[in-house]
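Topology and contacts: notes
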Amino acid sequence: MSIDSEGRKKQKISGAMFLITIGIVYGDIGTSPMYVMKSILEGNGGINHVNQDFIIGSLSLVIWTITLLTTVKYVLIAMKADNHGEGGIFSLYALVRNYGKWLIIPTILGGAALLADGVLTPAVTVTTAVEGLRSIARVDELLGPTYHKVIIITLIIIAVLFMVQRMGTSKIGKAFGPVMLIWFLFLGISGLLKITAFPIVLSAINPLYAIKVLFSPYNKVGFMILGSVFLATTGAEALYSDMGHVGRGNVYFSWPFVKVCLILNYLGQGAWIISNQGNQSLASMEDMNPFFMMLPEGMRPFAILLGAAAAIIASQALITGSFTLVSEAINLDLLPHLEIRYPSDTKGQLYIGTVNHVLWIGCSLVVLYFRSGSRIESAYGLAITITMLMTTLLISVYLRHVKKQGVFSWLVLLVFGVIEGVFFVSSLAKLLVGGYVTLIITLMLVFLMIIWYRGTQLEKQYNTNLAMEDFIDNLETLHGDEEVPLLANNLVYLDGHKDFESIDRDILYSIFDKDPKRADAYWFINVSILDKPREMYYKVETYGTNFIFRVKLYLGFKLSPRINVYLRQIVRDLQETRELPEQDKKYSIYGHSTVGSFKFCMIHKTISSKSELSSMDERLLLFKHAIRKVAGSRVAWYGLDTSTVITETVPLIPGYESKDEKITRR
């Protein structure tokens, strides 16, 4: 990896990176052939209710949907809107958030919908792959007419998938590329073999057939067919989100190969469907899937195993992507501070236990509720249309304000806004037959993000600031007062103020009024999240003393804020410059040290019985505090769970004193 002149990460294009890109980026869109044509057939009444013109028109819709949304929008336009090499809706928001407060709304909607997709993708891909077992006659007899055994197998695979997340997947990840390469080659070759027997399907490349099928009488659902067609491009967002892992150049290099394999497979399925019109045995088959049925029966077990592996890889990518997405949202104050772990030495790999458990439960409930892949498909797709619309809006703002491409920005907004708007409306047709599940999950996440974001704004708004210089003498007196017991060599507070001139009143109240706290050094640390993903540096102000240190710690939005680790390094740096005296630590299992003890004081703010808050804001803050208790403390998020922490509670807004209420002495 190298860095360009603008600080962007540049991943070298090579055969190894080609394999890694194939394994990481294309899992979701690569499994779409297992259910897209199946969904289109079922929506139109089955294989006996379609004709050649309908199939060619449907294939044309699929081809041009992949071309316009995936190739043009994401590969050619969105991937140039990178945040120092990183992509995704939260990275894009970090680039444009200074151009309007309202931009937080599409960001929250798009991010919530993308997380909802993380619940649905494992459910639909794994279920569809397992249902492929029914294409083998003997296995179909063993499974029986009900869905129970398919559901059990699916739930077991999903359980194993989520259980291994804690251990990390670096070793498994090395196999992703070769497996997905075999998968795409299999897609392309199996499709090509069918095309050679029925080359008429190649006419689907003509976009006129796509337009014609939307208005044709043999298309029984009209524009609503787009709800099924859209499933072919549901993994397009991953190309943008995963750009930081593999680099833009490797996506450019690998996407043509992936696209050709996908289109060949879709065309092969279309050729098989046309050649089997009127086949009564196929028409009577429940959950008939042209992806598996077009293969020779002896080849189907291999296809099912390979499809299951691809489904697991696609699900794995969505799960780890959800971890990254939540981590970015936390740093942007859109979600609670959750504990983040790093299970391996692989850079960027992280694990969030709470998110893993929620996704596991959510996927399992989706499988149990819908009980079949075709029913889950009814819910699938709606979430991504929302994300794509919101991404289009943010990209247009980026092009207009950052790139100064006014005309082009409006053209992008108009063209892709209309296309994705039509897909969104067509997906709404599935609302009552399963889409409401997507909507419920998305709205729950939106509600959570709004509460956390607005609650954080209120807490910042009602903070009382005091001038730091007015209290330096008091701190010096306390620092030298040996009658007060020494609490710690280093007493640390996390301060929300970014400037060096002011300080939170509650911090000073804790030091002076809540049992005076004497220390050799007082640390007031502010953590600022940078737009750049992995940059890290700090600034320090001493006010001319050797015991007061205001530290501004700047961390990239993808870095974990491990305060205790960073602070020890800062202490050593300041001791080397003699700005901080050496601290004599005689007793330690590691021997004598010049860095003394640390105590971290965490201040929790509560709502007083009488305050200036409106009833709406008060309820909102109560919700936020309740969420914080469930989600976990800031102690774990800041990496202080192994440190000595003092917790104190203060009112957010002190109760007011009424001039009309005065108690008298009798």
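1. Description of the overall build of the protein chain
- Each helix and strand counted, the protein chain has 27 helices and 10 strands in total.
- Relative to its length of 666 residues, the protein chain is compact, with a C-alpha radius of gyration of 29 Å against a globular reference of 26 Å.
- Along the longest, intermediate and shortest principal axes, the C-alpha atoms of the protein chain span 95 × 60 × 55 Å.
- Expressed as a percentage of its 666 residues, the buried residues of the protein chain come to 55%.
- Long-range pairs, those at least 24 residues apart, make up 82% of the contacts in the protein chain between residues at least 6 apart in sequence.
- Here the protein chain displays about 29,000 Å² of accessible surface, and carbon together with sulfur accounts for 61% of that area.

2. A word on the confidence of the model for the protein chain
- This prediction gives the protein chain a mean pLDDT of 84; 91% of its residues lie at or above 70.
- Contacts for the low-pLDDT stretch residues 655-659, under 50 throughout, to residues beyond four places or in other chains number three contacts.

3. A look at the nonpolar core
- Tyr 26, Trp 183, Phe 184 and Trp 523 are the most contacted members of the largest nonpolar core, which totals 173 residues.
- Take this core: its biggest share by element is 14 residues, from helix H6 (residues 104-131).
- The residues contacting Phe 184, other than those within four sequence positions of it, are Ile 22, Tyr 26, Gly 30, Phe 257, Val 258, Cys 261 and Leu 262.
- One finds Leu 478, Leu 491, Ile 548 and Val 650 within the second-largest nonpolar core, a separate group that totals 19 residues.

4. Looking at the sheet that holds strand E9 (residues 598-606)
- If you trace the six strands from one edge of the open sheet to the other, you get E7-E8-E6-E4-E9-E10, paired in mixed fashion. At either end of the open sheet lies a strand with only one pairing partner, and these are strand E7 (536-541) and strand E10 (645-651). Averaged over all adjacent pairs, the angle separating strand axes in this sheet is 25°, with direction ignored.
- As defined by bridge partners, strand E4 (residues 486-494) adjoins strand E6 (residues 518-530) across seven bridges and the pair is classed as parallel. Note that in E6 the partner of Tyr 493 across the bridge is Phe 524.

5. A closer look at empty space enclosed by the protein
- Enumeration according to the criterion identifies five cavities of 30 Å³ or more in this entry.
- Along the walls of the largest cavity sit 25 residues, with Leu 114, Ala 238, Ser 241, Asp 242 and Gly 321 positioned nearest its centre.
- Those elements that place two or more of their residues in the lining of the largest cavity are helix H1 (15-25), helix H2 (27-30), H6, helix H12 (236-241) and helix H17 (300-331).
- Among the elements that take part in the lining of the largest cavity, H17 stands out by supplying seven residues, more than any other.
- Counted by class, the lining of the largest cavity contains nine nonpolar, 10 polar and six charged residues.
- When its volume is computed, the second largest cavity comes out at roughly 90 Å³.
- Lining the second largest cavity are 13 residues; nearest its centre among them are Glu 131, Gly 132, Ser 135, Asp 287 and Asn 289.
- Contributing elements (two or more residues each) for the lining of the second largest cavity: H6 and helix H16 (290-293).
- Here the lining of the second largest cavity is built from residues that sort into four nonpolar, four polar and five charged.

6. Points about the pattern of salt bridges
- Taken as a whole and judged by the stated rule, the model has five salt bridges.
- We note a salt bridge from Arg 248 to Asp 82, for which the minimum N-O separation is 2.8 Å. Here the residue Arg 248 occupies a position in helix H14 (residues 248-275), and Asp 82 occupies one in the loop between helix H4 (52-77) and helix H5 (89-96), the gap between them amounting to 166 residues.
- Owing to a relative accessible area of 4%, Asp 82 belongs among the buried residues under this scheme.
- Between Asp 506 and Arg 505 there is a salt bridge whose closest N-O contact spans 2.9 Å.
- Classification of Arg 505 by relative accessible area gives partly exposed; the value is 22%.

7. Quick look at unusual backbone geometry
- Of note, Lys 404 is a non-glycine position whose phi angle comes to about 55°, a positive value.
- Unusually for a residue other than glycine, Arg 578 sits at a positive phi of about 65°.
- Looking at the secondary structure, you find Arg 578 in the loop between helix H25 (563-576) and E9.
- For Arg 578, a relative accessible area of 77% translates into the label exposed.

8. A few points about the packing of H4 against H14
- Where H4 contacts H14, the two axes come as close as 9 Å, and the packing angle between them is 170°. It follows that H4 is roughly antiparallel to H14 by the angle criterion. For the pair H4 and H14, the contacting residues are Gln 52, Ile 55, Ile 56, Leu 59, Val 62, Ile 63, Ile 66, Thr 67, Thr 70, Thr 71 and Val 75 in the first and Tyr 252, Trp 255, Lys 259, Ile 263, Tyr 266, Leu 267, Gly 270, Ile 273 and Ile 274 in the second.

9. What about a nonpolar patch on the surface?
- A cluster of nonpolar side chains, namely Leu 208, Ile 211, Phe 215, Phe 223, Met 224, Phe 408, Leu 411, Leu 414, Val 415, Val 418, Val 422 and Val 425, defines an oily patch on the protein surface of about 1,100 Å² accessible area.
- Mapped onto the nonpolar patch, the elements with two or more residues apiece are helix H10 (207-214) and helix H21 (406-428).
- Broken down by element, the nonpolar patch gets its largest block of residues, seven residues, from H21.
- Position of Met 224 relative to the elements: it lies in the loop between H10 and helix H11 (226-229).

10. Focus: the packing of helix H22 (residues 435-461) against helix H26 (residues 615-631)
- One can describe the packing of H22 onto H26 by two numbers: an axis separation of 9 Å at closest approach and a directional angle of 110°. In terms of orientation, H22 lies roughly perpendicular with respect to H26. Taken as a pair, H22 and H26 cross one another with a handedness that is left-handed. Listed contacts from H26 to Leu 448, Ile 451, Trp 452, Arg 454, Gly 455, Thr 456, Leu 458 and Glu 459 of H22 are Asp 617, Leu 620, Leu 621, Phe 623, Lys 624, His 625, Ile 627 and Arg 628.

11. Details of the environment of Leu 580
- Within the secondary structure, Leu 580 sits in the loop between H25 and E9.
- Looking at Leu 580, the relative accessible area reads 2%, which means it is buried.
- When the C-alpha atoms of Leu 580 and Ile 386 are compared, they prove to be 53 Å apart, with 194 residues separating the residues in sequence.
- Beyond its immediate stretch of four places on either side in the chain, Leu 580 contacts Ala 521, Trp 523, Asn 546, Phe 549, Val 571, Leu 574 and Gln 575.

12. Focus: the packing of aromatic side chains
- Tallied over the full model, the rule gives 19 aromatic pairs.
- Measuring from centroid to centroid gives 5.8 Å for Phe 186 and Phe 302, while their planes differ by 75°, and the two rings are edge-to-face. Within this pair, whereas Phe 186 is found in helix H9 (residues 170-197), its partner Phe 302 is found in helix H17, the two being separated by 116 residues in sequence.
- For Phe 186, a relative accessible area of 7% corresponds to the buried category.
- Taking the relative accessible area as the measure of exposure, Phe 302 reaches 39% and is therefore partly exposed.
- Here the aromatic cluster, defined as three or more aromatic residues joined through ring pairs, consists of Trp 183, Phe 186, Phe 291, Phe 292 and Phe 302.
- Lying across the ring of Phe 500, Lys 552 places its NZ or CZ 4.5 Å from the centre.

Conventions and cut-offs
- Residues numbered from 1 in each chain as written.
- Predicted model: local features only at pLDDT ≥ 70, side-chain atom pairs only at ≥ 80, totals over all residues.
- Heavy atoms only, no water.
- Helix = DSSP H or I, 4+ residues; strand = E, 2+ residues; numbered from the N terminus.
- Rg over C-alpha atoms; globule rule 2.2 N^0.38 Å.
- Buried < 20%, exposed > 50% of the residue type's maximum accessible area, 1.4 Å probe, protein only.
- Contact = heavy atoms within 4.5 Å.
- Areas by Shrake-Rupley, 256 points an atom, 1.4 Å probe, with all protein chains shown as cover.
- pLDDT = per-residue confidence, 0-100.
- Core = buried A, V, L, I, M, F, W, Y, C linked by side-chain atoms within 4.5 Å.
- Pairing = 2+ DSSP bridges.
- Axes fitted to C-alpha atoms, helices over the stretch in contact; angles between N-to-C directions.
- 1 Å grid on protein atoms, 1.4 Å probe; cavity = no way out; pocket = protein on both sides within 12 Å on 5 of 7 lines; lining within 4 Å.
- Points joined across faces, edges and corners; volume = space filled by probe spheres on them.
- Nonpolar A, V, L, I, M, F, W, Y, C, P; charged D, E, K, R; others polar.
- Salt bridge = Lys/Arg side-chain N within 4 Å of Asp/Glu carboxyl O.
- Parallel < 35°, antiparallel > 145°, perpendicular 65-115°, else oblique.
- Patch = residues over 30% accessible without salt bridge, like charges linked within 9 Å, V, L, I, M, F, W, Y side chains within 5 Å.
- Left-handed = near helix turned anticlockwise from the far one by under 90°.
- Phe/Tyr/Trp six-rings, centres within 6.5 Å; stacked < 30°, edge-to-face > 60°.
- Lys NZ or Arg CZ within 6 Å of the ring centre and 35° of its normal.

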